[in-house]
Amino acid sequence: MIDSKEGIKISIRDNLKVIEENINEALIKSGRESDTVEIIAVTKTVDIDRIKEAIDLGLNNIGENRVQELIKKYDILGKGPDYHMIGHLQSNKVKYIIDKVKLIHSLDRISLAKELNKRAKSLNIHANALIQVNVAEEETKFGLKIEEVIPFIENIVAKFENIRIKGLMTIAPFAENPEDVRWVFRSLRQLRDKIANEKYPNVDMDILSMGMTNDYKIAIEEGANMIRIGTGLFGKRNY
Ligand SMILES: *Cc1c(COP(=O)(O)O)cnc(C)c1O
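Before going further, it helps to spend a moment on the overall build of the protein chain. Scanning the protein chain for helices and strands turns up nine helices and eight strands. What you see for the protein chain is a C-alpha radius of gyration of 17 Å, in line with the 18 Å of a compact globule of 239 residues. In terms of principal-axis extent, the alpha carbons of the protein chain reach across some 55 × 40 × 35 Å. When the 239 residues of the protein chain are sorted by exposure, 51% land in the buried category.

This is the structure:
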């Protein structure tokens, strides 16, 4: 990754090239040459001009973790890119984004599913969502435990017909050496395979959203087909 130490402008183009090479390498390494990996450009704290630059480079999937920031960017950039809600979503904020996002990566509780279903139904649309799984059971992170996921999905399938479950998402614990969290990605992929076998209505397990700047190569080796990259594209965030 190329970072801005002395105020040198970070080249999103150069960073993207490195990431694309790494993606290809990881796909080859894991025997998935014919697969593709979608990059979600995580644009939290990134200003509009830089986001436009990314979009011009073909990064058409924008990930935000806060409703307010997502709406702000949507108001300026409009319907062009596809928007992904990747952060914790409060039920009372669903109404602001339900018609704007392509995919919600953070479905993790029935109260949220209920609200998503209600709002989607009133607009006569479907809410597309990934189930967020807290594989490592970190107290600081949101998401269901592995053993909670199948009962949760069965509950949703039974009750909420305007929700489409598209796969699973996880955030691995930070690790200096990403090899240390390979098991997290592997566990999520195994869970995905298990659920896919059940063939629930309105549920497909097409998407495995896992891997961030620090660990996306390992995540891809374990089956990720959607990665969420912020720092690796735009440089360090200034909060
Ligand atoms: C910020 C964020 C990312 C991107 O993290 P980087 O390490 O900057 O690539 C990915 N996923 C979620 C849920 C995030 O909040």
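Moving on, we come to the pattern of salt bridges. Overall, the coordinates contain 19 salt bridges when judged by the stated rule. For lysine 118, the salt bridge identified is with glutamate 115, shortest N-O distance 3.9 Å. Of this pair, lysine 118 and glutamate 115 are both found in helix α5 (residues 110–122), three residues apart, which corresponds to roughly one turn of the helix. Among the ionic pairs, arginine 192 bridges to aspartate 193, the shortest N-O distance being 2.8 Å. Since its relative accessible area comes to 15%, arginine 192 is described here as buried. In the salt-bridge network here, residues are joined through shared partners; they are Lys29, Glu179, Arg182, Arg186, Arg189, Glu221 and Glu222.

For the rest of this paragraph, the subject is the site of the ligand. The ligand sits among Val42, Lys44, Ile86, Ile171, Met212, Thr213, Arg228, Ile229, Gly230, Thr231 and Arg237. Residue lysine 44 places a side-chain N or O atom 2.6 Å away from an oxygen atom belonging to the ligand. Relative to its free-state accessible area of 390 Å², the ligand is covered by the protein chains to the extent of 89%. Across the shell around the ligand, the residue classes tally to five nonpolar, three polar and three charged.

Taken N-terminus to C-terminus, the directions of helix α2 (residues 48–56) and helix α3 (residues 67–77) make an angle of 65 degrees; their axes are 11 Å apart at the nearest point. With respect to each other, α2 and α3 are oriented roughly perpendicular. Relative to α3, α2 is oriented so that their crossing is right-handed. On the side of α2, the interface is formed by Ile48, Ile51, Lys52 and Ile55, while α3 contributes Lys73, Ile76 and Leu77.

In an α-helix, one turn spans 3.6 residues; hence positions three or four apart end up facing the same way. All of the buried residues in α3 are Val67, Glu69, Leu70, Ile71, Lys73, Tyr74 and Leu77. Buried positions along α3 lie against α2, β2 (61–64), β3 (82–85), α4 (94–97) and β4 (101–107). Looking one or two residues past α3, glycine 78 carries a phi angle of roughly 70 degrees, positive in sign.

Positive phi values are uncommon outside glycine, yet lysine 199 reaches one of about 50 degrees. Here lysine 199 is to be found in the loop between α7 (182–198) and β7 (203–209). For lysine 199, a relative accessible area of 67% corresponds to the exposed category. The phi dihedral of asparagine 202 falls on the positive side, at around 65 degrees, and the residue is not glycine. Here asparagine 202 is to be found in the loop between α7 and β7.

The rules we used
Residues numbered from 1 in each chain as written. Predicted model: local features only at pLDDT ≥ 70, side-chain atom pairs only at ≥ 80, totals over all residues. Heavy atoms only, no water. Helix = DSSP H or I, 4+ residues; strand = E, 2+ residues; numbered from the N terminus. Rg over C-alpha atoms; globule rule 2.2 N^0.38 Å. Buried < 20%, exposed > 50% of the residue type's maximum accessible area, 1.4 Å probe, protein only. Salt bridge = Lys/Arg side-chain N within 4 Å of Asp/Glu carboxyl O. Near = heavy atom within 4 Å. Polar contact = N/O pair within 3.5 Å; in protein donor to acceptor, adjacent residues only side chain to side chain. Areas by Shrake-Rupley, 256 points an atom, 1.4 Å probe, with all protein chains shown as cover. Nonpolar A, V, L, I, M, F, W, Y, C, P; charged D, E, K, R; others polar. Axes fitted to C-alpha atoms, helices over the stretch in contact; angles between N-to-C directions. Parallel < 35°, antiparallel > 145°, perpendicular 65-115°, else oblique. Left-handed = near helix turned anticlockwise from the far one by under 90°. Contact = heavy atoms within 4.5 Å.

Geometry only, nothing functional implied.
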